[in-house]
Amino acid sequence: MKKQKIILSLFLSASLMIATLAAFAEVGPTYAIIHCTVVPVNGPPVENGVIIIRDGLIESVGVFGDITIPDDAEVIEAGEMYAYPGLISAHTNLLLEPSSPPSQTQREASSSQLPDEEPGWQKSELMAFEKLLIKTTTIEDLYKAGITTVLVAPEQNIFAGQSVILNLRGENKEAMVLKQPFALHINFVTARGEYPSSLMGTMALLRQSFLDTEHYFLYKEQFAKSPSGLKRPEHNPFLESLLPYVIKKDPIIFNCANIEDIKRAIRLIQEFKLNGTISGANEAWRVVDWIKKANLPLLVSLDYRPPNMSKYVRQGDALKKEAEENIYPANAANLHKNGVKFALTSLGLSKSADVLKNLRTVIKSGFPEDEALKAMTIYPAEYLGIKNLVGSLEPGKIANVVLTTGKIFDEKTVVQKIFVDGLSFEVKQPPKKAESTSLDISGKWKAVVDSPMGAMDMTIEFIQDGSNITGSFTSEMGKWNITDGILNGKELTFSISANIMGESMSMEFSGTVDNESLEGNISVQGENAKLKATKIPNGGVEENLL
Amino acid sequence: MKNKLIGLVLCLILIGLSNVSYGQDLLIKNGTLLTVTKGEIPNGDILIINGVIKQIGSNIQAPEGIQVVDATGKFVIPGIIDSHTHIALSGTNEGSVAITSEVDMRDVLNAEDTGILTALSGGVTMIHTMHGSANPIAGENITLKMKWGKASEELIVHEADRTLKFALGENPKRSSSTGSSTSPRYPQTRMGVNAIIRREFKKAQNYMEQWDRYEKLKAMKKPPQNLIPPRRDLRLEPLVALLRGEIVARCHAYQADEMIEFINLSKEFGFKIACFEHAWEGYKIAKEIVANNIGISVFADSWAYKMEASQGIAYNAGFCADQGILVSINSDSGERIRRLFNDAAKTMKYGGLSENEALRLITLNPAIQLGVDNIVGSLEVGKHGDIAIFHEHPLSAYTRCEMTIIEGEIYFDREQYLNEREELEKKEKETAKNKEGGGQ
C-alpha cells in the first residue's frame, strides 16, 4: 500500500516536471508593432517604425517598409503611438509581504535581551525574493507608469536585507527574476529599544560589522590553508551573509535621506573599499562635489520631498513652500548641470501613478527630456548590471516595450499597452466617464477595515453626484477626504487622502456596492486591507438622535 | 609628457594654496579691544588677513579693497568658546547600553542645526559638542567652529584635542529613568559606575597587550605560522588611545567623592583627565583638582535642580578659579549658549573675579581646555580672526552681541539679520494671504 503511494507520488512529480519543462520550452508569441514612432534610447527616434518581437526578445527595429513583417506575427497597428523601452525603477519597496509588527510577547522577549536572540537591526540574511507578494493591482499600477523592470528591496532596519531584480511578467515570481540576490541594502536608521538607538551607534555598528566580516574571512581563510594550531572557526550566519558584499564586493545600496547620510555612505564606502551605490539622495545637488569625487552609481528618487532636518524647512513657511515646489524638484536638473550621471527611481512614491507626474515636474525644473528617459532606462540598466538585457530597444534584448498615446513626458500621454518578456499586457485605462448608475449610495455607512494592525471601525459618508462620488472617511485616526470617486454600475472606486502622523498618504479603494452593503479592498503603499460596510438607514440621522 | 607634469605640479600648488588661505581679510576699526592676554586697548584696530590676525594697534592703514567694520564705541573681544554643549548634532546619547566608547560625534554632525545661529548671536565662535551623560563611558566628542551655512566637515577644528566623554552619578546610574519604557540597566549605583569603568579599562589593557604581542610577533624575522591579527574592537580602541595618551577624558561629575574616585582611576590606569563637567562640588576638593592639573567646566548658577546638585554654590566658579583651577563657564544647552557672557559676569559678583578673569572663563580658559589656545582664545597676532563685537561692555547686564566673526568672515551681523527677518516675515504674510486666496 505504502509502496504504491510512493510510486504514485513519483509518477505525479515526474509528470509535473515534464509539464514545467514544457512550459519552459514554450515558444512565445511573435508581434509586429507597426507605424509607431520608435524611441530606442540607444539611437535617434525612428518615425513610422516597426518593432518585431519574437519569443520574448526583440528581433528587429527599423523603418516600416525596410523590415519584412514575419508571416506568423500578430500585427499591432500603432499609428500615432510612441514606443519606448520598458522603464526601470532601480529601487522600490513594492511587491513585498507586509512586515507584521511584533506581538506583545515578542516585544517583551526582545527587551529581556536574551544573548542568543537575533537583534532587530540584523536582517542582512533576509531575501526580498522570499518575501515577494505579487499583487496584480501593484503591477498594473507600475504598467500605467510604463515600468517593466524593478529592483525590489526590503525597507526596514539598518541591515535591511538583499534585493531582487524583477522583469514584471505575470504573477509567477520565479519567472520574473533577472538577478537574485542583487545587492545588500543599508539604511541609516536606529533600532528601537535596543542597541543602536542613535545614529552614532548605527555608524559604529556598521563599522564594527564590516571589520568583523573582514576578520571572519581572514580567520576562515587561514584555517582552510593550515588549520594546525588554530581553533575551528565558529559559523556566524550574520557575518556569512555579509561576506559577498564586504569581501567579494557585490553591490551595497545605501539609502540616503539627506546630505549627511550621503557623506556617511561615501565615507563608509571609501573606508572599507565597498562597491557602494547611493540611493534616495534627494539632496544630492547640495553635496555635488562629494558626489563627483566619489563617482559612485547614483539612484535619485522621484520622491523629492525635502527631508525634515533640511535648513529649508526649518526657517519658516515661505522658504518651506519654495523648497517643496521649486528647490527640491530641481535636484536632478542641478546634478545634470554639474555633469553628474544618475538613474531616477520611484523609491518612496506610494502611488506608481506619481512616477510620470513627478518626472514631468523634474523636467519642468530644467532636466532635459532625453536625459530623463535615459535615467529611467539605460542608466539604471547599467547600474543594475542588466544593460545587455534591457534598457533600450535593440535586437537581442528582452522585449520590454511600452506603447504610449504620445511623447511619454507630455502631460496628456497615457500608457496604452505594454510588453514584458515579449508578452502583451493591456493597460487598464482610468474610466473617463462612468455609465449612469441606478444606485444611490449617498449618506452614512458603518465600516470595518481588517488591516494588518487589526480591525478598525470607521464611518464613511458619501456625497453622490450622478456617478461621481466624494465625501469623508472618519476613524479614530481622524477625518479624511474621499476624492476621485466613481460609481460604475456596481463597481465603486475612490481615493482617500489620509494624513497619518503628519505624513500624507493616498489610499485607493476598489470594490462593489449595492443599496445596503459595500465590500472591497483598500490599498496603501502596496499593502491591502479588506473593507466591509453597511449603510446606516436614513443617512445616519436616527443614530445621531440616539 | 612634460606639459602634463607641469600641469600636475601647478595643480598641486593651487590645491596647497587654497588650503592655506582658508579665511578672509577684514579690518576692524576703532573699538575698545579686550584682548584677554594683553590688556585693554582703547580705540584699537585689528587687521585680519587670510583669516588670521595680522596686526593689532591704532590707526592701521587699510589695505586696498579690504572690508572694514567700524567698531567705534563698541567692545571687541575674542570669540566666545563653549567648552560643553550638545548642539549641531543628530542625536545626543547612545543610551541603549552603558559602555559606548565606539560612538563618535563626528559621525552625526548637523551643520543645519539652527542652534549654530543662536550661538553666533551670543558671540560664540567655537564649541566642544559632546555625547550626553547617559553612559559611564560614552563616546568621542568634537570641537567645531560655528560657520553657519558651511558644510559640516568645514566646521571641524582639527587642531583640537581628541576627547572621550565619561559620566558619573545620577545620569549613568539612570536614577531618573524609572519609566516602564526603559529596562533596568547595570549599573544602578555609583559603586557600579566606578566598577564598570574599571572593568572596561582592564579589558582595554588586555586588548592593548594582545595587539602589542601581535605586532611584536609580526615584526620577527620568522613570524610564527598562523599568525592572525586580533579582532579589532571599536569599543576598546578609544580607551587604548586614552591609555596611550592620544585622547583626554572629559568627565561629567557633580559630587566631590565621585570626582576623587575618578582621579584615582586615572592614576591607576594612567590616563589624562582634561576636565570635570559641572563639578558642582569642585570647591570642596579644589586642592586635589589643582594638584592633578584638571580643568572644570561649570554653570555660573542654577544649582540644586536635582539631589546631586544640591550642594552647588554660586561661588564655585569664582572660588575655584581663585584657587588656580582652570575654569570655564559652559552652556550645556542651545539656549544658554547665547548668554555665556552674562553667566561669566556673575562670577564677578559671586567670587569676586576681575573683569579680565571673568572674561577668561569663556575665552582663553575653554581654549586651553580644548588644546587650542595657540590659535584662539585671545586677541593676539597670529591667532585666528575669531571675534565678537558687543555694543556695551560684554560683562554689562545690558549688553548684546552685535557681530560675530570667524576667521575674518562675518557670520552674524545683528542689523543685517534683523532686516532679513523683517523681509522674511513680509514674505510669510504674503504666502499666508495667497493660501487664503487659493482656498476660496
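Residues numbered from 1 in each chain as written. Chains lettered and ligands numbered in written order. Predicted model: local features only at pLDDT ≥ 70, side-chain atom pairs only at ≥ 80, totals over all residues. Heavy atoms only, no water.

(A) Highlighting the pattern of salt bridges. Across all of its chains, the model carries 45 salt bridges over all chains by this definition. Between Lys263(A) and Glu153(B) there is a salt bridge whose closest N-O contact spans 2.6 Å. Taken together, the positions of Lys263(A) in helix α7 (residues 259-271) and Glu153(B) in helix α3 (residues 152-155) put the pair across two chains. Judged by its relative accessible area of 1%, Lys263(A) falls in the buried class. Judged by relative accessible area, Glu153(B) falls into the partly exposed class, the value being 25%. (Salt bridge = Lys/Arg side-chain N within 4 Å of Asp/Glu carboxyl O. Helix = DSSP H or I, 4+ residues; strand = E, 2+ residues; numbered from the N terminus. Buried < 20%, exposed > 50% of the residue type's maximum accessible area, 1.4 Å probe, protein only.)

(B) Summary view of helix α11 (residues 353-364) of chain A. All names here are of chain A. The end-to-end C-alpha separation of α11 is 18 Å, in line with the 16 Å expected for 12 residues at 1.5 Å each. Taken residue by residue, α11 has Asp 354, Val 355, Leu 356, Asn 358, Leu 359, Arg 360, Val 362 and Ile 363 as its buried positions. On its buried side, α11 packs onto α3 (136-144), β7 (147-152), α10 (331-337), β15 (343-345), α12 (369-375) and β17 (415-420). Backbone geometry just after α11 places Gly 366 at a positive phi near 115°. (Expected span 1.5 Å × (residues − 1). Contact = heavy atoms within 4.5 Å.)

(C) Representation of the packing of aromatic side chains. Overall, the coordinates contain 32 aromatic pairs over all chains when judged by the stated rule. By way of ring pairs, the aromatic residues Phe166(B), Phe201(B), Phe262(B), Phe269(B), Phe271(B) and Phe276(B) are connected into one cluster. Over the ring of Phe129(A) we find Lys173(A), and its NZ or CZ is 4.8 Å from the ring centre. Just above the ring of Phe299(B) sits the side chain of Arg336(B); from NZ or CZ to the centre is 4.5 Å. (Phe/Tyr/Trp six-rings, centres within 6.5 Å; stacked < 30°, edge-to-face > 60°. Lys NZ or Arg CZ within 6 Å of the ring centre and 35° of its normal.)

(D) Seen up close, the sheet that holds strand β13 (residues 295-298) of chain B. Residues and elements named next belong to chain B. The sheet built from 6 strands is open, its strands ordered β8-β10-β11-β12-β13-β14 with mixed pairing. Of all strands in the sheet, those bounded by a partner on one side alone are β8 (137-140) and β14 (326-329). If you compare each strand with its neighbour and ignore which way they point, the axes differ by 20° on average. (Pairing = 2+ DSSP bridges. Axes fitted to C-alpha atoms, helices over the stretch in contact; angles between N-to-C directions.)

(E) Fine view of the confidence of the model for chain B. All names here are of chain B. The predicted model of chain B averages 92 in pLDDT, with 92% of residues at 70 or higher. Contacts of residues 9-21 to residues separated by more than four positions or lying in other chains number 1 contact, the stretch itself having pLDDT below 50. Listed scores for the predicted complex are pTM 0.83 and ipTM 0.92. (pLDDT = per-residue confidence, 0-100.)

(F) Highlighting the interface of chain A and chain B. Listed as interface residues are 40 residues of chain A and, on the opposing side, 39 residues of chain B. Run the count over chain A and chain B and you get 4 salt bridges. Between Arg231(B) and Asp212(A) there is a salt bridge; the shortest N-O distance is 2.9 Å. Summed over the shared surface of chain A and chain B, the result is 21 residue pairs in polar contact (both at pLDDT 80 or more). For the side of chain A that touches chain B, the elements supplying multiple residues, two or more each, are α5 (199-225), α7 and α9 (317-327) of chain A. Here the side of chain A that touches chain B is composed, by residue class, of 16 nonpolar, 12 polar and 12 charged. (Polar contact = N/O pair within 3.5 Å; in protein donor to acceptor, adjacent residues only side chain to side chain. Nonpolar A, V, L, I, M, F, W, Y, C, P; charged D, E, K, R; others polar.)

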